[in-house]
Amino acid sequence: MSLLEVHDLQAEINGKQILKGVNLVVNPGETHAIMGLNGSGKSTLANILAGRDSYDVTGGSVTYKGEDLLELDTEVRAREGIFLAFQYPVEIPGVNNTYFLKAALNAIRKHHGEDELDAMEFLTLVKEKMKLLEMEQSLLNRPVNEGFSGGEKKRNEIFQMAVLDPVLAILDETDSGLDIDALKIVANGVNKLKDGKRATIVITHYQRLLNYIVPDFVHVMMNGRIVKSGGKELAYELEERGYNWLEAEAGEPVPA
Amino acid sequence: MTTLTRTNSSVDESVFFQRYQRQASQTDSAWLQSIRKSGIDRFTMSGYPTRRDEEWRFTPIGAITETVFTEPSHHESSLIKSDLTGLPFGDLGGTTLVFIDGKFSSNLSTIGDFETGVVVDNLSSVLENSPAAVQPYLTKLSQKDGGVFTAINAAVFDDGAFIFIPDHKVVEETINLLYISSQHSSPVASFPRNLIVAGSNSQATIVETYIGLAESVYLTSPVTEVFVGESAIVDHYKLQQESLTAYHLGTMNVTLAKSSVFSSHGITLGGSISRNDISAYLGGEYAECTLNGLYLANGRRIVDNHTTIDHAVPNCPSHEVYKGILTDNSRGVFNGKIFVREDAQKTDAKQTNKTLLLSDGAQIYTKPQLEIFADDVRCTHGATIGQLDNDQLFYLQARGIGKEDARNLLVYAFASDVINKIKVESARAQLDKQLFQQLAKVQSYDEPEHEFSEDA
């Protein structure tokens, strides 16, 4: 059984159809890259998988661990191991980073019948993961993402991923707005966290990130569908040739 | 609605007038008699406010003015000290003057050792034993600034706290004033009177707490006057957790001398109708005043905060942050007056009122009122009204935090900048507990409107 099976997924927002039949199968341990231009539906797919309810799913199905994912509440999906690294992590003034992460981790542990971590155990875990992302410890005592630079926010996302240890990680344009040094740190963090079991979906515009997080599969989204899939060499081809050549192949006009 | 009667005969019949007569007959001192007389006269003159009064436009108090509130029967309370620990804010540690239905209870009180000259006592015994200590201050602020309920308080008040910090004395220990309303079969009213005098270069922290033991109808109408001497620092807290069937109409008048620092933190969690009137007079240069407030209301409760900061002299900063959390069909009222007198150049006044409306039925009436007569000043004010942020909710849920917990966390976060300024550790810990308990009871969250972000 595959970990995630997306079958003919269709979705709209405000009556405008964004996903027009997406098919995707992800197995444990695999890294999938989804590439495509703005507006092709990449982030919509990521958000629907994570459970954002501003989209209406109008057709198709998503099966996760053999269950109907779309029936699960957002928090239950998270507790079952789905993690979305946000493209735009929100700032939450007044909520302390440590408090937030501890609440999240313990909600997940409780869901699996595990004991909640006490403050000391939690701190030990957190310090270990912070090193991985080369994060300053002072960030822990600040409100969630408040006043973080763009790079700090993205790093904080991967740091949370390190602490929460998901089964399926979805990185939504984690590379956007990152300079090359920050990109390396983030990618390095993702790679060090690889355990052979976690599946990862990397959503990106650019091939650059894929130099560091090497995908097993590359999919190209266009106009709400995956129009081409291949190995990592597809990413290089896109970098070289752009997306226009796929238009003819897929029979889809490339949006302006 | 009954019409207002402003004749003596009607007030004669009022129980407050009888209370006044009894109180006046019990005192020999002419100055106290005149204070009481002036109070009852002001009440007789003006009568109760109605919604035609600008200051009471959004706060209907018919339920209060149409109720006959008798004087609480003062019998020795069956409470013992250890019972206080179980009450919300009942045990904040350290020195605590306890009042049951407005009457001082020495059995329940704990008074630590203070340096010579520091007075922490109940007002009625000070009035009896050393009235000269009180006379220069009592009603000197409230008479000028107070409304009708302040006047009634002056006429009938029975007891309260007198706190006197001599010049140059620093009282490190927090002084707690705990007002407990017990159960009564018919409505009762108590009128606590507190007087706080901080000498020059002195420091003190005072916490006033008001709690109710039973869901009965009662009125608490306290008046607190605070004299902050030159270069003195006074932190004042008011924690109001009255019964949800009770009425609380409180007034605090503060005067700040040169280079003094005063901060007020008013937390309103209880009461059916709650009103807090605060006025602060910045009468000496470089004095600094902070007025912070937080309130949470559900059901059909009303919470009204009226504040006045009067900048009379140059070079004074003032800061004000009031935050409200309203749900069900509750109502919040905020009126923030800032006066900057002609002489008060270089005034730096900042006022913020933020309200979180968690249901469609909740209402907030907010009115900043700045009157500026000086030309070289900085005065800012801002009022925001909002709901919980959908993106923040999603973010928390997407990390595994349940919907209810996520909402409560965001509501708490909204209040956190007021909470974090509470320096009395025990009070802050209790407040955290009370807030989360009350938030857990809030049922009528409305879904925030969906916000859509463009797909990228």
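Keep in mind it's a predicted model, so treat the numbers as computed, not measured.

Procedures and definitions
- Residues numbered from 1 in each chain as written.
- Chains lettered and ligands numbered in written order.
- Predicted model: local features only at pLDDT ≥ 70, side-chain atom pairs only at ≥ 80, totals over all residues.
- Helix = DSSP H or I, 4+ residues; strand = E, 2+ residues; numbered from the N terminus.
- Rg over C-alpha atoms; globule rule 2.2 N^0.38 Å.
- Contact = placed C-beta atoms within 7 Å.
- Core = buried A, V, L, I, M, F, W, Y, C linked by C-beta atoms within 7 Å.
- Buried ≥ 20, exposed ≤ 12 C-beta atoms within 10 Å, placed from the backbone.
- Pairing = 2+ DSSP bridges.
- Axes fitted to C-alpha atoms, helices over the stretch in contact; angles between N-to-C directions.
- Parallel < 35°, antiparallel > 145°, perpendicular 65-115°, else oblique.
- Nonpolar A, V, L, I, M, F, W, Y, C, P; charged D, E, K, R; others polar.

Draft legend 1. How the structure looks around the overall build of chain B. Assigned secondary structure in chain B consists of eleven helices and 21 strands. Taking 2.2 N^0.38 as the reference for a compact globule, 456 residues should give roughly 23 Å; the C-alpha atoms of chain B span a radius of gyration of 22 Å, in line with that estimate. The contacts in chain B between residues at least 6 apart in sequence include a share of 84% that link residues at least 24 apart.

Draft legend 2. Molecular detail of the nonpolar core. Formed by 194 residues in total, the largest nonpolar core has its most connected members in Ile170(A), Ile163(B), Val228(B), Leu256(B) and Ala280(B). A total of nine residues in this core trace back to one element, the largest contributor, which is helix α10 (residues 403-419) of chain B. Here Leu256(B) is in contact with Val228(B), Phe262(B), Ala280(B), Tyr281(B), Leu282(B), Gly283(B), Gly284(B), Ala287(B) and Cys289(B), once residues within four sequence places are set aside.

Draft legend 3. Up close: the sheet that holds strand β10 (residues 199-204) of chain A. All names here are of chain A. Spatial strand order, β6-β9-β10-β3-β11-β12: six strands in an open sheet with mixed pairing. Two strands lie at the open edges of the sheet, namely β6 (82-85) and β12 (225-230), each paired on one side alone. The sheet shows a mean angle of 20° between the axes of neighbouring strands, taken without regard to direction. When strand β3 (residues 31-36) meets strand β11 (residues 217-222), the two strands line up parallel, connected through five bridges. Within β11, the residue paired with Ala-33 across the bridge is Val-218. Sheet contacts for helix α1 (residues 42-50): β3, β6, β9 (168-172), β10 and β11; angle to β9, the most-contacted strand, approximately 145°.

Draft legend 4. Local environment of the pairing of β6(A). All names here are of chain A. On β6, burial covers both faces: Ile-82 and Leu-84 on one face and Phe-83 and Ala-85 on the other are all buried. Of the pairings in the sheet, the one linking β6 to β9 comprises four bridges and is parallel in character. Paired with Phe-83 across the bridge in β9 is Ala-169.

Draft legend 5. Quick peek at the sheet that holds strand β2 (residues 16-26) of chain A. Residues and elements named next belong to chain A. The strand order across the open sheet formed by four strands is β2-β1-β4-β5, and the pairing between neighbours is antiparallel. Every interior strand has two partners, whereas the edge strands, β2 and β5 (67-68), have only one. Here seven bridges tie strand β1 (residues 4-13) to strand β4 (residues 56-64), and the two strands are oriented antiparallel to one another. Along β4, the bridge assignment pairs His-7 with Ser-61.

Draft legend 6. Representation of the interface of chain A and chain B. Facing 30 residues of chain A, the contacting portion of chain B comprises 21 residues. Looking at the side of chain A that touches chain B, the elements that each hand over two or more residues are α1, α2 (74-79), β7 (92-96), α3 (97-111) and α5 (150-164) of chain A.

Draft legend 7. Representation of unusual backbone geometry within the structure. Of note, Asp165(A) is a non-glycine position whose phi angle comes to about 55°, a positive value. You can see Asp165(A) is positioned in the loop between α5 and β9. Judged by the 16 C-beta atoms lying within 10 Å of it, Asp165(A) falls in the partly exposed class. For Phe89(B), which is not a glycine, the phi torsion comes out positive at approximately 60°. Position of Phe89(B) relative to the elements: it lies in the loop between α5 (81-84) and β1 (96-100).

Draft legend 8. Geometry of the packing of α5(A) against helix α6 (residues 180-192) of chain A. Residues and elements named next belong to chain A. In contact at an axis separation of 10 Å, α5 and α6 are set at 5° when each is read in the N-to-C sense. Put simply, α5 runs roughly parallel to α6. Where α5 abuts α6, its residues Gly-151, Lys-154, Arg-155, Ile-158 and Ala-162 lie against Ala-182, Ile-185, Val-186, Gly-189 and Val-190. Within the contact of α5 with α6, the residues separate by chemical class into six nonpolar, two polar and two charged.

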